[in-house]
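The primary structure of each chain is shown beneath.
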Amino acid sequence: QVQLVESGGGLVQTGDSLRLSCAASGHTFSRYAMGWFRQAPGKEREFVAAINWSGGGTYGADSMKDRFTISRDNAKNTVYLQMDSLKPEDTAVYFCAADRSGLGNSNPNVYDYWGQGTQVTVSS
């Protein structure tokens with residue numbers, strides 16, 4: 001069992017940066033791939049970025065990978081999402097998720113555990 005807790009969301013202005021964190025419980029965090037997804041009101045959950053178990057492989061949504069960077073620190077059981085040049089359309093609840101395959105994937109259905117989410121609001 002893995003429990004995930006996101007933090008770092010908030011209200012920012014267009015062009016600002018935020019770094020989201022996702023802290024995981026348990027001793028097996030380093031075996032899991034981690035992903036970030038987001039969901040805006042009235043929209044489906046959307047893939048943002050993923051990172052494999054070692055951190056050696058990262059994947060980002062084409063529309064965001066030039067502004068968002070995923071990373072992890074296995075010693076701290078934490079995965080991060082650095083978000084730069086934020087836009088109002090980035091407003092959403094951001095979720096982290098853990099995939100026991102260790103590989104990383106853009107498909108939310110392959111993830112085994114999810115956090116509760118953290119709200120990011122970007123004002124114009």
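Residues numbered from 1 in each chain as written. Predicted model: local features only at pLDDT ≥ 70, side-chain atom pairs only at ≥ 80, totals over all residues. Heavy atoms only, no water.

S.K.: Teacher, can you tell me more about the overall build of the protein here?
M.R.: In terms of regular secondary structure, the protein is built from zero helices and eleven strands. Along the chain direction, N to C, the helices and strands of the protein fall in the order β-β-β-β-β-β-β-β-β-β-β. Taken over C-alpha atoms, the radius of gyration comes to 13 Å for the protein, in line with the 14 Å a tight globule of 124 residues would show. Buried residues in the protein amount to 44% of all 124 residues. Counted over contacts in the protein with a minimum sequence separation of 6, partners at least 24 positions apart contribute 58%. In the structure as shown, the protein presents an accessible area of about 6400 Å², 45% of it carried by carbon and sulfur atoms. For the protein, the separation between the mean place of its 11 positive charges and that of its 12 negative charges on side chains is 4 Å. (Helix = DSSP H or I, 4+ residues; strand = E, 2+ residues; numbered from the N terminus. Rg over C-alpha atoms; globule rule 2.2 N^0.38 Å. Buried < 20%, exposed > 50% of the residue type's maximum accessible area, 1.4 Å probe, protein only. Contact = heavy atoms within 4.5 Å. Areas by Shrake-Rupley, 256 points an atom, 1.4 Å probe, with all protein chains shown as cover. Lys, Arg positive; Asp, Glu negative; His and termini not counted. Charge placed at Lys NZ, Arg CZ, Asp CG, Glu CD.)

S.K.: Where do I start with the packing of aromatic side chains in this structure?
M.R.: The description of an aromatic ring pair uses the distance of the two centres, along with the angle that the planes make with each other. This model, assessed by the stated rule, comprises six aromatic pairs. Seen from their ring centres, tyrosine 32 and tyrosine 113 are 6.1 Å apart, and the 65° between their planes marks the pair as edge-to-face. Remark: tyrosine 113 occurs in strand β10 (residues 113-114) and tyrosine 32 occurs in the loop between β3 (18-24) and β4 (33-39); sequence separation between them is 81 residues. According to the relative accessible area criterion, tyrosine 32 is buried, its value standing at 9%. (Phe/Tyr/Trp six-rings, centres within 6.5 Å; stacked < 30°, edge-to-face > 60°.)

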